[in-house]
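Spelled out, the chains give:
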Amino acid sequence: MAVNREAYLQIAAELGAKNITLVAVSKTKPIGDILELYELGHRDFGENYVQELTDKAAQLPPDIRWHFIGHLQSNKVKYIAPFVQLVHGVDSYNLLKEINKQALKQRRVIDVLLQVHIAQEETKFGLDEEELNEIIGQWINGPMEGIRVCGLMGMASFTDDQQKVRAEFNKLKNIFDQLKTKMPAWPLRILSMGMSGDYKIAIEEGSTLVRIGSLLFGARS
Ligand SMILES: *Cc1c(COP(=O)(O)O)cnc(C)c1O
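*Asks:* Honestly, the environment of W139 in this entry has me stumped. Any pointers?
*Replies:* By the element assignment, W139 lies in helix α6 (residues 129–141). For the pair formed by W139 and Q115, sequence separation is 24 residues and the distance between their alpha carbons is 16 Å. In this structure W139 touches Y93, L96, M144, I147, V149, M183 and W186, once residues within four positions along its chain are discounted.

*Asks:* Looking at this structure, how should I read the pattern of salt bridges?
*Replies:* Where charged atoms from two side chains of opposite charge approach closely, those side chains can pair. Applying the stated criterion to the full structure yields eleven salt bridges. The salt bridge partner of R43 is D63, with a shortest N-O separation of 3.1 Å. Of this pair, R43 sits in the loop between α2 (31–39) and β2 (44–47) while D63 sits in the loop between α3 (50–59) and β3 (65–68), placing them 20 residues apart in sequence. Residue D63 is classed as partly exposed on the basis of its relative accessible area of 38%.

*Asks:* Explanation requested: the nonpolar core in the structure shown.
*Replies:* Side chains that are nonpolar tend, in soluble globular proteins, to be buried together. Ranked by internal contacts, the top residues of the largest apolar core, which has 64 residues, are L72, L96, I99, V112, L114, L152 and W186. Here this core takes six residues from helix α7 (residues 162–182), the largest share from any one element. Not counting residues within four places of it along the chain, the set of residues in contact with L72 comprises V50, V77, I80, V87, L95 and I99. The next biggest cluster of nonpolar side chains, apart from the first, holds seven residues, and it includes L86, L113, C150 and L209.

*Asks:* Even after reading the chapter, I still don't get the side chain of H42, so can you show me in this structure?
*Replies:* Tracing the backbone through its elements, the reader meets H42 in the loop between α2 and β2. Within the structure, H42 has its side chain in polar contact with the backbone oxygen of L22 (distance 3.2 Å). In this view, H42 contacts Y8, L22, A24 and L37; residues no more than four positions away in its chain are not counted.

Conventions used here
What you see as residue numbers is a count from 1 along each chain, following the sequence as written. Under the rules for a predicted model, residues below a pLDDT of 70 receive no local features and side-chain atom pairs below 80 are neither given nor counted, while totals for whole chains, interfaces and linings still include all residues. Only heavy atoms go into the side-chain values, all of them from the structure, while hydrogens and water stay out. Put simply, DSSP H or I for four residues or longer makes a helix, DSSP E for two residues or longer makes a strand, and each gets a number counted from the N terminus. By definition in these notes, contact holds between two residues if any of their heavy atoms fall within 4.5 Å. Definition used for salt bridges: Asp or Glu carboxyl oxygen within 4 Å of a side-chain nitrogen of Lys or Arg. For the exposure calls, accessible area comes from a 1.4 Å probe over protein chains only, and a residue counts as buried if that area is under 20% of its type's maximum, exposed if over 50%, partly exposed in between. Only buried residues count toward a nonpolar core. Its members are Ala, Val, Leu, Ile, Met, Phe, Trp, Tyr and Cys residues joined through side-chain atoms within 4.5 Å. Here a polar contact means two N or O atoms within 3.5 Å. Within protein one must be a hydrogen donor candidate and the other an acceptor candidate, and residues neighboring in sequence count only if both atoms are side-chain atoms.

What follows is the structure in structure tokens.
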């Protein structure tokens, strides 16, 4: 399956005009596909699996900004800590602590997003509002010098019901706005929501970053 250049150019222009970041989700796709978008000037790519990400990063130009968008296990943080641009799916205090530890070891500050559970499906990872508040409380008691919390990430339900998807994104936007008031010390400027099937709704509801895979690279097998 080839890269859909036409779709890329159209989506990149659409998002660029609105100042929204496009993360091209390249999981399961070959190096050649990534290079094709790279040669068109694209730099932000997203991957879900640590091993796949480190393999690809080693073979591709160093100025690619790698976004980790999957579920990150604490014992694998060390493999991506030296180079990752943004970790989207932080969903526990323990994971945050481990990222901080590895960041300090690398003498870096790692940018992260807290993942909030907005879908009704049980299978989606993420914090509920109570857990989010717990993390805020823990942070206030012990800020982490190796971490910059830059915003929130969420995934809507996988459904054709657009009203439901819209309501879920709207909920995340409200949580994001409240968090800005609650945590003025955090540089909260990224709201990562929207994928191939729902990015237009996500943008209407206030997304600042969309994660798009299949529209650019074709369906995954
Ligand atoms: C795979 C994935 C995407 C991209 O999905 P598409 O529907 O192919 O655009 C976005 N976000 C996350 C968290 C993913 O796992």
